[in-house]
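# Observations on the three-dimensional arrangement
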Amino acid sequence: MRSPSPSSPRDHDRALWQQLLWTVFIGCAVLATTCGHRLEVPRDAETSMDRFVIAAWRVFQAFFPVAVLLHVSRLKGSWRRWISVAMTLWWLWVLADLLVFHWIGVRLISADAWSLFSTRIPSLVPYITFGVILRWAFAIAALIAIGWACYRGTFVLAQSLSHPNRNLNALAAMYAWSIGILLTAIPGLATWSSTRENMVEMPSRNAFGVTGWFDQISLGIDTNPPMNSTASLLTANDVTRRLRGFRFNAIQETDSQPPDILVVVVESLRPELIHPSIMPNVHARAEHGLWMQSHHSGGNASSLGIFSLVNGLDAIWFYLSEVRFDPAMNRLFHQAGYELGFFGGADDWNAFQMDAFINSDAYDTFQVEPRDGLSSDQRAIHSARDFLADTQSASTKSRSPRLAVLYLYATHSPFLVAPEHIRNLPSASADYPLPFGPDSRDAVWNRYRNSARTLDAMVAPLLDDPQRLVAIVGDHGESFLDDGTIGHGTRLSAAQVRTPAIIFGGKSVSREVHFNTSHADLLPTLISLAGIRVSSPSSFDGVDLSADTPRLRTIAIADYLRPQALLLESERVDSEVSGVQCELSLRPPHVQILGPKDERGNSLASPTGTDSARIPRSYLREAFSSRLP
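Definitions and cut-offs
- Residues numbered from 1 in each chain as written.
- Predicted model: local features only at pLDDT ≥ 70, side-chain atom pairs only at ≥ 80, totals over all residues.
- Heavy atoms only, no water.
- Pairing = 2+ DSSP bridges.
- Helix = DSSP H or I, 4+ residues; strand = E, 2+ residues; numbered from the N terminus.
- Axes fitted to C-alpha atoms, helices over the stretch in contact; angles between N-to-C directions.
- Contact = heavy atoms within 4.5 Å.
- Core = buried A, V, L, I, M, F, W, Y, C linked by side-chain atoms within 4.5 Å.
- Buried < 20%, exposed > 50% of the residue type's maximum accessible area, 1.4 Å probe, protein only.
- Phe/Tyr/Trp six-rings, centres within 6.5 Å; stacked < 30°, edge-to-face > 60°.
- Lys NZ or Arg CZ within 6 Å of the ring centre and 35° of its normal.
- Lys, Arg positive; Asp, Glu negative; His and termini not counted.
- Salt bridge = Lys/Arg side-chain N within 4 Å of Asp/Glu carboxyl O.
- Polar contact = N/O pair within 3.5 Å; in protein donor to acceptor, adjacent residues only side chain to side chain.
- pLDDT = per-residue confidence, 0-100.
- Expected span 1.5 Å × (residues − 1).
- Parallel < 35°, antiparallel > 145°, perpendicular 65-115°, else oblique.
- Left-handed = near helix turned anticlockwise from the far one by under 90°.
- Nonpolar A, V, L, I, M, F, W, Y, C, P; charged D, E, K, R; others polar.

One open sheet accounts for eight strands, arranged β5-β4-β6-β2-β7-β10-β3-β11; its pairing is mixed. Of all the strands in the sheet, the pair left with one neighbour each is β5 (365-368) and β11 (511-518). Neighbour-to-neighbour, the strand axes of this sheet turn through a mean angle of 15 degrees, independent of strand direction. Relative to strand β10 (residues 501-504), strand β7 (residues 469-474) is paired through four bridges, and the arrangement is antiparallel. By the bridge assignment for β10, Val-473 is matched with Ala-501. Packing against the sheet, helix α18 (residues 522-529) makes contact with β2 (261-266), β3 (290-296), β7, β10 and β11, and its axis sits at approximately 5 degrees to β10.

Quick look at the sheet that holds strand β14 (residues 564-569) now. Read across the sheet, four strands follow the order β13-β14-β15-β16 without closing on themselves; strand pairing throughout is antiparallel. Looking along the sheet, the strands with just one partner apiece sit at the ends: β13 (554-558) and β16 (589-597). The average undirected angle you get between the axes of adjacent strands in this sheet is 30 degrees. Note: β14 against strand β15 (residues 579-586), four bridges, orientation antiparallel.

The next subject is the nonpolar core. Within the largest apolar cluster, 86 residues are counted, with the highest numbers of intra-cluster contacts made by Trp-317 and Phe-333. If we ignore the near neighbours within four places in the chain, the residues touching Phe-333 are Ile-261, Tyr-338, Leu-340, Leu-403, Leu-523, Ile-527, Ala-530 and Ile-532. Core analysis: the next-biggest nonpolar cluster, separate from the first, contains 43 residues, Ile-278, Ala-404, Leu-434 and Ala-443 among them.

So, on to the pairing of β7. The element β7 is extensively covered by neighbouring structure, given that six of its six residues are classed as buried. Neither face of β7 is open: one carries Leu-469, Ala-471 and Val-473, the other Val-470, Ile-472 and Gly-474, and all of them are buried. Alignment of β2 against β7, held across six bridges, turns out to be parallel. What sits directly across from Val-265, in β7, is Val-473.

The full count for this structure, using the stated rule, is 32 aromatic pairs. A ring pair is formed by Trp-57 and Trp-192, whose centres lie 5.7 Å apart and whose planes are at 75 degrees; its orientation type is edge-to-face. Separated by 135 residues along the polypeptide, Trp-57 in helix α2 (residues 48-75) and Trp-192 in helix α9 (residues 192-201) bring together distant segments of the chain. Seen in terms of ring centroids, Phe-415 and Tyr-448 are 5.1 Å apart; in terms of plane orientation they differ by 65 degrees. Their pairing is edge-to-face. You can see Phe-415 sitting in the loop between β6 (402-408) and α16 (438-459) and its partner Tyr-448 sitting in helix α16, a full 33 residues away along the chain. One aromatic cluster is present, formed by Phe-342, Trp-349, Tyr-363, Phe-366, Tyr-407 and Tyr-409 through successive ring pairs. A cation over a ring is seen here: Arg-324 above Phe-318, with NZ or CZ 5.1 Å from the ring centre. The ring of Phe-387 has Arg-402 sitting right over it, with the charged end atom 4.8 Å from the ring centre.

Counting buried positions over the 10 residues of helix α12 (residues 302-311) gives 10, a clear majority of the element. Of the residues making up α12, those classed as buried are Ser-302, Ser-303, Leu-304, Gly-305, Ile-306, Phe-307, Ser-308, Leu-309, Val-310 and Asn-311. A positive backbone phi angle near 70 degrees is found at Gly-312, which sits one or two residues after α12.

Let us look at the side chain of Arg-324. As for its placement among the helices and strands, Arg-324 is situated in helix α13 (residues 321-324). Nearest to the buried, unbridged Arg-324 among oppositely charged side chains is Asp-355, at 6.3 Å. Sequence-distant contacts of Arg-324, defined by excluding residues within four places in its chain, comprise Phe-307, Phe-318, Tyr-319, Gln-353, Ala-356 and Phe-357.

In this section: the pattern of salt bridges. In the structure shown here, the tally under the stated rule is 25 salt bridges. Salt-bridge contacts for Arg-572 lead to Glu-569; the nearest nitrogen and oxygen are separated by 3.8 Å. Relative accessible area serves as the criterion here: at 21%, Arg-572 is assigned to the partly exposed category. Connected through salt bridges with shared partners, the residues Arg-270, Glu-272, Arg-441 and Asp-482 form a single ionic network.

Attention shifts here to the environment of His-296. Note that His-296 resides in strand β3. Separated by 33 residues in the primary sequence, His-296 and Met-329 place their C-alpha atoms 19 Å from one another. What His-296 contacts, discounting residues up to four positions off in sequence, is Val-497, Arg-498, Thr-499, Asn-516, Thr-517, Ser-518, His-519, Ile-557 and Leu-568. At a separation of 3.3 Å, a polar atom in the side chain of His-296 contacts the main-chain carbonyl oxygen of Ser-294.

Chain-level statistics for the protein give a pLDDT mean of 88 and a share of 90% at 70 or above. Here residues 217-231 is modelled with pLDDT under 50, and outside its nearest four sequence neighbours on either side it reaches 29 contacts, counting other chains as well.

On to helix α6 (residues 130-161). Along its 32 residues, α6 runs 46 Å from first to last C-alpha, staying within 8% of the 46 Å computed at 1.5 Å per residue. Those residues of α6 that sit buried are Gly-131, Val-132, Gly-147, Thr-154, Ala-158 and Leu-161. Buried-residue contacts for α6 involve α1 (9-36).

Structurally, Asn-602 is set in the loop between β16 and α19 (614-624). On the basis of relative accessible area, Asn-602 is assigned to the buried category, the value being 9%. Of note is the side chain of Asn-602, whose polar atom sits 2.7 Å from the side chain of Arg-491.

Turning next to the packing of helix α15 (residues 373-389) against α16. Remark: α15 packs on α16, axes separated minimally by 10 Å, with the N-to-C direction vectors making an angle of 30 degrees. The angle between α15 and α16 falls in the class roughly parallel. Between α15 and α16 lies a crossing of right-handed hand. Contacts from Leu-374, Asp-377, Gln-378 and Ile-381 of α15 reach α16 at Thr-454, Met-458 and Val-459. When the residues that make up the contact of α15 with α16 are grouped by side-chain class, the tally is four nonpolar, two polar and one charged.

Burial of β10 is two-sided: the residues Ala-501 and Ile-503 facing one way and the residues Ile-502 and Phe-504 facing the other way are all buried. Pairing of β3 with β10 involves three bridges; the strand directions are antiparallel. What sits directly across from Leu-290, in β10, is Ile-503.

Here you go:
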């Protein structure tokens, strides 16, 4: 739709004044959004001069795009309405990008955001509470009301400023204002090195941060040029050879009295929660079992973590259908004479491609239901208890050994809590704001801890049988702004991939494991503790952690959003470098180093003593018997 041109000089002057006033309003709105939000703690500049330079540069970023649009509208008067819309979209872009960036750690306009919104967000709708929807609706309505009121205000003020008696020149005011905006850029450009450093450290305080150009710039990382030639590192024959070994791995020997096995998978469980004041029942068993102190999921999302757990493989194999649709745990334990049962308080496996290995065909007993708060978890626990307690079948005096997988959701956002377990205070309500900032972090963290306490009490009755072999793990971690984001599935940070892993009961050993381990190690360990011997233990990526001297290995932790993995060495714990991140895919085979990362998932610039190529080479040599030196 085209706007009519002003019909008189006064109308023309009024239109210019209104466009200028709307430009100023939008610039101020952008500046208030970037500098006034509380989603991260502001950092003070070292000197008053630094504060002046930073403030001036932030003013320039907020106003420069709308200043350019202002002059375009002067040259093309018929575009004024659409340019006003474009100015408004600049503000909305900054605002939406701010929320998305602090929630999931990616930019609104990016391939990662598109991948996340198109695949994951629809599946998370059931977790959004009515209170959260109401809060967002109110915020959107408030923004619309403010925008409309200010737009009407610019119209009234423009009429006043364009009155002949005032003798004000809108064109002169426009040029003077534009020159002032350009002048605010000079201090920042003159000290560009420190200006860029501030933008990297606090991208959401700078409007140009929406471009993503200043997100964790990594300088000086030696990627070792020989590693860029992927053909010599990983070939299709290497992958095929591993696939053949995996699929032909079979049971050779079983114990005369194999134990029942219970695998409890807890949503978003972090290792800090295994504490006597939070999960006393699980903690008590951990002290007398095999307790992995530096454990990692197979990836930063449920699909990757569970895949790794049921296959004994690193989750880089997830996208190969011949592996995903034939889980090693089910195949091998069925060969060993086990009955398998799966019990879960959710039924959305297909949304995350988990229906390939979580389905009724893969288990003898399969009981799942839609999420229904704590009630669905409680019913899943009762079903698993009944499955394991059934001591006699209809046709024989004794039954086959049983393996039950119990998937519990209470500790998934918004973290379900029974009233009697609200002990860590202050505790957020179920309708806590998303995304939340540092001011709300402690209350949300306390709700999460209270939720874990509820789950610990619910699962306690399943932990009493000393003959039963029990494993308790999280499917992945959960970030509470630890890495600058909220939730999981977005960064290969310690907060999102670290999870507890505990095995006790049966013939389990009592030991703490302090080197890096992963979900891929759990299946070989359970097989060994169940008294089962397989034909090809080397077909697993993982190792038997109950052995007297477990083999140390390089671990690959897969990323949910990208074909990437974080490679970390077993013995490298609590160091500056968490691991080396790579682009890594198996079909087609491809490896490329992206660089070392710290525990927050941030790039490190030339960390001392780190050879970025050595860890990927070690991994490929171990996992594929590569010919690499």
